[in-house]
Amino acid sequence: MEAVLFFLAAIGATAGAIGVVAARNPFYSVLALIAHLFSLAVLFLLLTSAFVAAAQVVVYAGAVMVLYIFVVAYVGDASEAKWDPVPGQRLFAGLLAFFLFVEISAAVLSSALKALSTKGPDVPAGFGDPAAIGNLLLEKFLVPFEASSVLLLIAAVGAIVLAGKKRQGTPGKGTPPRATEPASVKEALTR
Amino acid sequence: MNIDWYIVLSALLFTIGAIGILVRRSPMVILLCLELMLNAANLALVAFSREVGNQQGQVFALVVMVIAACEVVVGLGLIVAIFRRKLPLDVDDLRELRG
């Protein structure tokens, strides 16, 4: 039963990942990533980490992906050119990725960690549930927890500053309001 | 299932994300592929936490999710800013910093 669930979730996660890379329309990439995240949540449940699985579904597949979908809908599907700007880019990318996969797998599997080819030790019933993780977060990892909340706040403020609308016609600046499409990247950046 | 299956799956997902970053040129899709790589690392963290029977790896995975959320927020803000300035949404065209 566990093996069947693992292989189903693994196939789902891999198919979702390939879909993210292969889809031409960014909207379909986002949808494939949502499927990938749900499969990963199943894998987390198999690894007896219920809270991480729940956070994955609620935070990632819920909130972050909605943000992505809004931005994709705002920007529109900017279709990529089909040709390679660098000749042989896909071939070299595939080769590099294959060697990367072989290297990571070899490095981990030959690391002489005895417990790698076991299911791990038997764990008590509350392993990885919200109470246990909450205790860890608020006792042992209190400083990283607070630091990550400050980091989230900084990121939100930074995103507002980056994406917010510039005030038009501020006094003292002689820049005319944007009327025509900039001729080049450089002109737009120096504006 | 043994833990090494999870680790190999995590390596495979990381590799697929790396291919995406190398091949695609839309900054939005590159951000999505970055998410793939972060999630692969998360899977490895949780798998190792199960291997040693210690929950601290799951806390690491949660912190990685926080970092991913921050990165998404700033990255999407940058994409919206690029779009507002009517610049091309293509990482091969945005090469001002290359000198």
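Chemist: Whenever I open this one, the overall build of chain A confuses me. Can you help?
Modeler: Tallying secondary structure elements over chain A gives seven helices and zero strands in all. By residue count, 23% of the 191 residues in chain A fall in the buried class. Put simply, of all contacts in chain A between residues at least 6 apart along the chain, 49% involve residues at least 24 apart.

Chemist: Could you clarify how one ought to interpret the overall build of chain B in this entry?
Modeler: Within chain B, the regular secondary structure consists of three helices and zero strands. Each principal axis of the C-alpha atoms in chain B carries an extent, and together these give about 50 × 25 × 20 Å. Of all 99 residues assigned to chain B, the portion counted as buried reaches 54%. Partitioning the contacts of chain B with sequence separation of at least 6, the portion at a separation of at least 24 is 47%.

Chemist: Whenever I open this one, the nonpolar core confuses me. Can you help?
Modeler: The nonpolar side chains of soluble globular proteins are, as a tendency, buried together. A:Leu43, B:Leu13, B:Leu32, B:Leu43 and B:Ala47 are the most contacted members of the largest nonpolar core, which totals 68 residues. Among the secondary structure elements, those contributing two or more residues to this core are α1 (2-22), α2 (26-46), α3 (50-75), α5 (130-140) and α6 (142-163) of chain A together with α1 (3-23), α2 (27-52) and α3 (56-84) of chain B. Per-element accounting of this core gives the leading share, 14 residues, to α2(B). A domain split of this core shows at least three residues from each of domain 1 (1-78) and domain 2 (126-164) of chain A. Beyond its immediate sequence surroundings of up to four residues, B:Leu43 is in contact with A:Leu40, A:Leu43, B:Tyr6, B:Leu9, B:Ser10 and B:Leu13.

Chemist: What should I look at first to understand unusual backbone geometry in this one?
Modeler: The phi angle of most residues is negative, glycine excepted, and most peptide bonds adopt the trans form. Positive phi values are uncommon outside glycine, yet A:Thr48 reaches one of about 50°. We classify A:Thr48 as buried; it has 22 C-beta atoms within 10 Å. Non-glycine residue B:Lys86 carries a positive phi angle of around 60°. Topologically, B:Lys86 is positioned in the segment after α3.

Chemist: I would appreciate a short explanation of the packing of α6(A) against α3(B) in the present structure.
Modeler: Two packed helices can be described by the angle between their axes and the distance between those axes. Two elements in contact, α6(A) and α3(B), have axes whose closest approach is 8 Å; the angle formed by their N-to-C orientations is 10°. In terms of orientation, α6(A) lies roughly parallel with respect to α3(B). Across the interface between the two elements, A:Pro144, A:Ser148, A:Leu151, A:Leu152, A:Ala155, A:Ala156, A:Gly158, A:Ala159, A:Leu162 and A:Ala163 of α6(A) pack against B:Val63, B:Val66, B:Ala69, B:Cys70, B:Val73, B:Val74, B:Gly77, B:Leu78, B:Val80 and B:Ala81 of α3(B). Classifying every residue of the contact of α6(A) with α3(B) by side-chain character gives 17 nonpolar, three polar and no charged.

Chemist: I'm lost on the domain arrangement of chain A in this one. Help?
Modeler: One frequently used descriptor of interface size is the decrease in accessible area upon assembly of the parts. If you check the domain split of chain A, you get domain 1 (1-78) and domain 2 (126-164). Taken together, the residues of the side of domain 1 of chain A that touches domain 2 of chain A sort by class into two nonpolar, two polar and no charged.

Chemist: I tried to follow the confidence of the model for chain A on my own but got confused; where do I start?
Modeler: Any region with low pLDDT has predicted coordinates that should not be read closely. Residues and elements named next belong to chain A. Chain-level statistics for chain A give a pLDDT mean of 82 and a share of 81% at 70 or above. The secondary structure element of chain A with the lowest average pLDDT is helix α7 (residues 185-190), at 60, and the one with the highest is α2, at 93. Counted against residues more than four places away or in other chains, residues 169-177, with its pLDDT under 50, gives three contacts.

Chemist: What is the right way to look at the interface of chain A and chain B in this model?
Modeler: Between chain A and chain B, the contact holds 77 residues from the first and 66 residues from the second. Contributions of two or more residues to the side of chain A that touches chain B are made by α1, α2, α3, α4 (89-109), α5, α6 and α7 of chain A. The leading source of residues in the side of chain A that touches chain B is α4(A), at twelve residues. The residue inventory of the side of chain A that touches chain B, partitioned by class, reads 58 nonpolar, 13 polar and six charged.

Chemist: Sorry if this is basic, but what is going on with the environment of B:Arg50 here?
Modeler: Relative to the helices and strands, B:Arg50 is located in helix α2. In this structure B:Arg50 comes out as buried when scored by C-beta crowding, with 26 C-beta atoms within 10 Å. Note: C-alpha distance between B:Arg50 and B:Ile3 (47 residues apart in sequence) is 8.0 Å. If we skip the residues at most four places from it in the chain, B:Arg50 touches A:Leu47, A:Thr48, A:Gly120 and B:Ile3.

Conventions we followed
Residues numbered from 1 in each chain as written. Chains lettered and ligands numbered in written order. Predicted model: local features only at pLDDT ≥ 70, side-chain atom pairs only at ≥ 80, totals over all residues. Helix = DSSP H or I, 4+ residues; strand = E, 2+ residues; numbered from the N terminus. Buried ≥ 20, exposed ≤ 12 C-beta atoms within 10 Å, placed from the backbone. Contact = placed C-beta atoms within 7 Å. Core = buried A, V, L, I, M, F, W, Y, C linked by C-beta atoms within 7 Å. Domains from an automatic or database assignment. Axes fitted to C-alpha atoms, helices over the stretch in contact; angles between N-to-C directions. Parallel < 35°, antiparallel > 145°, perpendicular 65-115°, else oblique. Nonpolar A, V, L, I, M, F, W, Y, C, P; charged D, E, K, R; others polar. pLDDT = per-residue confidence, 0-100.

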